[in-house]
Amino acid sequence: MDTCSLEEARDIVSRVYLDHALSAPEDRLEATLNAAPNRRLTIGYLTYQSSAKLVMPPTEDCYHINLTVEGRTEAHRTDGARATTRAMTSGLVLLPDQETTVRWSPDAGQFILKISREMLEGHLSEQLHLPVNGVLDFDFGIDLTTPAGTSLISSVEFLARELDRPGGLADMPIAREQLEAFVMTQVLHAGRHQYSDALAAPADPVRTVRLRPVVRYMEEHADEPLSPQELARIGCMSVRTLHATFQQELGESPMSYLRRIRLDHVRAELLRCDPRLTRVTDVALRWGFFHQSRFAQQYKERFGELPRETLRTRSR
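Just so it is clear, the model here is predicted, and its values are computed rather than measured. (Residues numbered from 1 in each chain as written. Predicted model: local features only at pLDDT ≥ 70, side-chain atom pairs only at ≥ 80, totals over all residues. Heavy atoms only, no water.)

A. A look at the overall build of the protein. Looking only at helices and strands, one finds 12 helices and 12 strands in the protein. C-alpha extents for the protein along the principal axes are approximately 75 × 45 × 30 Å. Out of the 316 residues in the protein, the part that is buried amounts to 50%. In the protein, once contacts between residues fewer than 6 apart in sequence are set aside, the share between residues at least 24 apart is 70%. With an accessible surface of roughly 15,300 Å², the protein has 48% of that area assigned to carbon and sulfur atoms. Computed over 38 positive and 44 negative side-chain charges, the inter-centroid distance for the protein is 8 Å. (Helix = DSSP H or I, 4+ residues; strand = E, 2+ residues; numbered from the N terminus. Buried < 20%, exposed > 50% of the residue type's maximum accessible area, 1.4 Å probe, protein only. Contact = heavy atoms within 4.5 Å. Areas by Shrake-Rupley, 256 points an atom, 1.4 Å probe, with all protein chains shown as cover. Lys, Arg positive; Asp, Glu negative; His and termini not counted. Charge placed at Lys NZ, Arg CZ, Asp CG, Glu CD.)

In structure tokens, the structure reads:
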């Protein structure tokens, strides 16, 4: 969206995010919105180039995370909380049960995430392996200068770039889902809420025997899209416990272990394929490697040669 019409800006932003009241001095603005709507997680960049005022009702079925990357905003909500955001240092969390008013400086620009309640609360439940009941009572402001905050803004910028790039995540639904899950994890760590202490507490690793069904499942389903959440469910543990146990028992993360399994399968396939009829790219994609340059580097680190060299070996 690129528009100087206040009504058009209000209508389009309402359709992407939520219905709201929008006003600007003399109804003048130059609004831009670049968004990728999605049922799970919508991401967009928005600017009004005006001292705009937005009054937003309770979001009801979602959370909005407004990350200010240019200019500043002043905000308050119905419970009396107030917050100021500044470029690359702070943001806001809009809650399902609070009305929020935000005033934008003329130079303000924000990345805005819209995450469904079901997805974010379910993601937290999987992280903790505990039921999550009720609204996540985030502090109004969110600090982007902490390690978690810096990681959040970096992951959001990367997600936005990849969705905007031809041949990027927009064409890779599995990879997009994995990155969206990572963004949700960073939101939960960067924002302060009633589960923050539990989320930050060290996870208790489980006995090695509990990893056996997880490792077996990885081996049997290595050609399928697997996530830490799914693997944690297989092992009847939280995602945090899954990571802690893999690190303690195997010295690496579950996804790193899965990558090694997949690399082994790629090598086995390259060694038995006819090089005249086989493309390395096709084999890599079949085993979940979407970034070819990164795949080639990981393959060489593991086997001491590039995948095309393995394929050539087969022809000798």
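B. A look at the side chain of T101. Its place among the elements puts T101 in strand β10 (residues 100-104). Aside from chain neighbours lying at most four places away, what touches T101 is K53, L54, V55, E74, A75 and H76.

C. Highlighting empty space enclosed by the protein. Following the criterion strictly, the structure yields one cavity of 30 Å³ or more and no others. As a volume, the largest cavity reaches approximately 100 Å³. In terms of lining residues, the largest cavity is bounded by V13, Y17, L18, H20, L46, L54, M56, H64, N66, W104 and I112. Where the lining of the largest cavity is concerned, the elements lending two or more residues are β5 (53-56) and β6 (62-70). Taken together, the residues that form the lining of the largest cavity break down as eight nonpolar, three polar and no charged. (1 Å grid on protein atoms, 1.4 Å probe; cavity = no way out; pocket = protein on both sides within 12 Å on 5 of 7 lines; lining within 4 Å. Points joined across faces, edges and corners; volume = space filled by probe spheres on them. Nonpolar A, V, L, I, M, F, W, Y, C, P; charged D, E, K, R; others polar.)

D. The arrangement of the pairing of strand β4 (residues 41-47) in detail. Within β4, six of the seven residues are buried, leaving the element largely enclosed by the surrounding structure. Examined bridge by bridge, strand β3 (residues 31-36) and β4 share five bridges and lie antiparallel to one another. Following the sheet pairing, N34 is matched in β4 by Y45. Once β3 ends, the chain turns through four residues before running back antiparallel as β4. Pairing geometry for β4 and strand β11 (residues 109-116), over seven bridges, is antiparallel. Paired with L46 across the two strands is Q110, which belongs to β11. (Pairing = 2+ DSSP bridges.)

E. Local environment of the layout of surface pockets. Within this model, the largest pocket holds a volume of roughly 1,400 Å³. Lining the largest pocket are 45 residues, and of these A175, Q178, L179, L226 and M255 lie nearest its centre. Contributing elements (two or more residues each) for the lining of the largest pocket: α2 (117-128), α4 (173-190), α7 (228-234), α8 (239-250), α9 (254-272), α10 (280-286) and α11 (292-303). No other element matches the 10 residues that α4 contributes to the lining of the largest pocket. Looking at side-chain class alone, the lining of the largest pocket contains 21 nonpolar, 12 polar and 12 charged residues. Its volume calculated, the second largest pocket comes out at about 200 Å³. Around the second largest pocket sit N34, A35, A36, I43, G44, Y45, F111, E157, A160, R161, L163 and D164, which together line it. Counting residues per element, the lining of the second largest pocket draws most heavily on helix α3 (residues 147-164), which supplies five residues. Residue classes in the lining of the second largest pocket are distributed as seven nonpolar, two polar and three charged.

F. Inspection of the sheet that holds β10 at higher detail. Across the sheet, five strands lie side by side as β2-β5-β10-β7-β8; this open sheet has antiparallel pairing. Both edges of this open sheet fall to β2 (21-23) and β8 (82-86), since each of them pairs with a single strand only. Recorded for the sheet is a direction-independent mean angle of 15° between the axes of neighbouring strands. In terms of strand pairing, β5 meets β10 through four bridges, oriented antiparallel. The residue of β10 that forms the bridge with K53 is R103. (Axes fitted to C-alpha atoms, helices over the stretch in contact; angles between N-to-C directions.)

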